[in-house]
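Structural description and commentary
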Amino acid sequence: FEGEVLENEPLSRHTTYRIGGPARLYARVESLHALIAFSEYCVEQGIPWFVLGRGSNLLVSDAGFPGAVIVLGQGFSSCSYDDAAHVFTAGASCPLSRVVHMAYERGRAGMEFAVGTPGSVGGALRMNAGSRHEYIGSRVLSVTSYRPGEGLVRHRAADIEWGYRESTLPNDEIMLECELSSFDGDPEMIRARMDNAMSLRRKTQPLAAPSCGSVFKNPKGDSVGRLIENVGLKGARCGGAQISDLHANFIVNCGDARADDVLTLMHRVQDAVAEAYGIELEPEVRF
Ligand code: EPU
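Residues numbered from 1 in each chain as written. Predicted model: local features only at pLDDT ≥ 70, side-chain atom pairs only at ≥ 80, totals over all residues. Heavy atoms only, no water.

What follows is about the layout of surface pockets. Where empty space is left becomes clear once a probe the size of a water molecule has been rolled over the atoms. In this structure, the second largest pocket encloses a volume near 220 Å³. In this structure, the second largest pocket is lined by Arg132, Tyr164, Lys217, Asn218, Pro219, Lys220, Gly221, Asp222, Glu280, Leu281 and Glu282. Looking at the lining of the second largest pocket residue by residue, the classes come out as three nonpolar, two polar and six charged. (1 Å grid on protein atoms, 1.4 Å probe; cavity = no way out; pocket = protein on both sides within 12 Å on 5 of 7 lines; lining within 4 Å. Points joined across faces, edges and corners; volume = space filled by probe spheres on them. Nonpolar A, V, L, I, M, F, W, Y, C, P; charged D, E, K, R; others polar.)

This part covers the packing of aromatic side chains. Summed over the entire model, instances satisfying the criterion amount to three aromatic pairs. Geometrically, the ring pair formed by Phe50 and Phe65 is edge-to-face, given 4.9 Å between the ring centres and 80° between the ring planes. Of this pair, Phe50 sits in strand S3 (residues 49-52) while Phe65 sits in strand S4 (residues 65-72), and the two are 15 residues apart along the sequence. Take Phe50: its relative accessible area is 22%, and that puts it in the partly exposed class. Here the guanidinium or amino end of Arg191 rests over the ring plane of Tyr104, the centre of that ring lying 4.7 Å away. (Phe/Tyr/Trp six-rings, centres within 6.5 Å; stacked < 30°, edge-to-face > 60°. Helix = DSSP H or I, 4+ residues; strand = E, 2+ residues; numbered from the N terminus. Buried < 20%, exposed > 50% of the residue type's maximum accessible area, 1.4 Å probe, protein only. Lys NZ or Arg CZ within 6 Å of the ring centre and 35° of its normal.)

A few words now on the nonpolar core. If you look at the biggest cluster of nonpolar residues, it comprises 32 residues, and the most contacted ones within it are Val99, Met111, Val121, Leu125, Val140, Val143 and Leu180. Those elements giving two or more residues to this core turn out to be strand S5 (79-82), strand S6 (87-91), helix H2 (96-105), helix H3 (121-127), strand S8 (140-147), strand S12 (174-180) and helix H4 (187-204). Take this core: its biggest share by element is five residues, from H2. Val121 has contacts with Ala90, Gly91, Ala92, Cys94, Pro95, Leu96, Val99 and Cys178, leaving out every residue within four places of it along the chain. Membership of the second largest hydrophobic core comes to 25 residues, among which are Leu59, Val224, Ala241 and Ala259. (Core = buried A, V, L, I, M, F, W, Y, C linked by side-chain atoms within 4.5 Å. Contact = heavy atoms within 4.5 Å.)

Looking at the protein chain, the domain boundaries give domain 1 (3-75), domain 2 (77-203) and domain 3 (206-277). If you average the C-alpha positions of domain 2 and of domain 3, the two centres end up 27 Å apart. Carbon and sulfur atoms supply 48% of the area buried between domain 2 and domain 3, which totals about 570 Å² over both sides. Per-residue buried area on domain 2 facing domain 3 is highest for Arg132, Tyr164 and Arg201; these three make up 65% of the total on that side. (Domains from an automatic or database assignment. Buried area = accessible area lost by both parts, 1.4 Å probe.)

So, about the environment of Cys79. Its location among the elements puts Cys79 in strand S5. Residue Cys79 is classed as buried on the basis of its relative accessible area, which comes to 16%. When the C-alpha positions of Cys79 and Asp261 are compared, they lie 38 Å apart, and in sequence the two are 182 residues distant. Once you skip the residues sitting within four places of it in the chain, Cys79 turns out to touch Thr89, Ala90, Cys94, Arg98, Val99 and Met102.

Once that is clear, we can look at the site of the ligand. Around the ligand there are 20 residues in total, and Arg132, Tyr164, Asn218, Glu229 and Glu284 lie nearest to it. Between Gly225 and the ligand, the recorded distance is 3.5 Å, taken from a backbone N or O atom to a nitrogen atom. Within the contact set of the ligand, an oxygen atom lies 2.9 Å away from a backbone nitrogen or oxygen of Ala248. Coverage of the ligand by the protein amounts to 74% of the 830 Å² it exposes when considered alone. Per-element tally for the shell around the ligand: the top contributor is helix H5 (residues 224-230), with three residues. Residues that form the shell around the ligand fall into these classes: four nonpolar, nine polar and seven charged. Structurally, the shell around the ligand is a two-domain feature, drawing no fewer than three residues from each of domain 2 (77-203) and domain 3 (206-277). (Near = heavy atom within 4 Å. Polar contact = N/O pair within 3.5 Å; in protein donor to acceptor, adjacent residues only side chain to side chain. Areas by Shrake-Rupley, 256 points an atom, 1.4 Å probe, with all protein chains shown as cover.)

Attention shifts here to the side chain of Ser244. Counting through the fold element by element, Ser244 comes out in the loop between strand S15 (241-243) and strand S16 (251-253). Overall, the relative accessible area of 4% leaves Ser244 in the buried class.

With 14 residues, helix H1 (residues 32-45) should reach 20 Å at 1.5 Å per residue; the first-to-last C-alpha distance of 20 Å fits that figure. At its buried positions, H1 is contacted by strand S1 (3-10), strand S2 (22-29), S3, S4, S8 and S12. (Expected span 1.5 Å × (residues − 1).)

Before going further, it helps to spend a moment on the sheet that holds S12. A sheet is described by the order of its strands in space; here five strands give the open sequence S5-S6-S12-S8-S9, paired in antiparallel fashion. Here the strands that pair on one side only, and so sit at the sheet edges, are S5 and strand S9 (151-156). Here the strands of the sheet are splayed against their neighbours by 20° on average, with no regard to which way each runs. Against the sheet, H1 touches S8, S9 and S12, its axis set at about 50° to S8. (Pairing = 2+ DSSP bridges. Axes fitted to C-alpha atoms, helices over the stretch in contact; angles between N-to-C directions.)

Glancing now at the sheet that holds S4. Pairing is mixed across the open sheet formed by four strands, whose spatial order is S1-S2-S4-S3. Strand pairing shows two members of the sheet lacking a second neighbour, S1 and S3, which therefore form its edges. Within the sheet, the average angular offset between the axes of one strand and its neighbour, ignoring direction, is 25°. Here S1 runs beside S2; their pairing, made up of seven bridges, is antiparallel. Paired with Glu9 across the two strands is Ala23, which belongs to S2.

Structure (structure tokens):
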């Protein structure tokens, strides 16, 4: 078996939130062969499973996960650039930030929006990660995934629809790799756009504390941060979790937060915003 399987591995070690109980099984697979073998084992045994990327948009319950967590290891983390076609090919476990920096080094524009985005390429594809105005889907030329029990599937850009933090990529497929387009760019301009995006993040987002990034999706034409601030919940605490003083759509882990503390704050926010504005906030964070 190329990889390793751990039992009762605390998921708090694998989420940016530093929250989450143990997974019954935690499998790091290093090859497609190992991924196929392990996912087929789970299907045969009736063990529920999910794929964990860099754990940056995830709230794992305090009870943990009574199934198998599959992590794609180094074997899926390649990132390369084809000079002739101007195409980047990135593996699912490659940090998105590595693609952003490789694009900059090659003088290729189009990925600056993702600077500072903490997730993996696979996770970014799964949730169509991005800023307010740009998202990874708009750069995707193709996605290769694995459908457990069936095999590899190649999705071309024309066959995928991308929406705000969502896409039509099937949820039961495991993202393996994607091809990303790029444009000609002046390295200084690329650097300046990356620096601007990063300094805006540093000013407006609580980057030092463990979090999952934005907790809720913005409703059309409005911003959750503004709504939460207006209902007076900025800074509110529950146990070890706090609605950030800096950005109200971030709930930070002050050190010893439990998933239940975060969920309690999320429900308080949803109730208050529904009452004040009649808006049902939809979580961006995955459970
Ligand atoms: N605002 C407030 N109070 C707050 C926070 C924000 O009034 O406490 C206002 C701001 O003044 C601004 C507006 O809300 O006018 C929007 O805020 P911001 O520019 O910080 O962006 P956002 O909509 O909250 C989105 C993404 C972020 C991404 C930033 C920058 C969502 C849910 N979030 O945040 O993505 O980094 O734009 O592009 O779309 C993430 O998805 O995890 C994430 C961090």
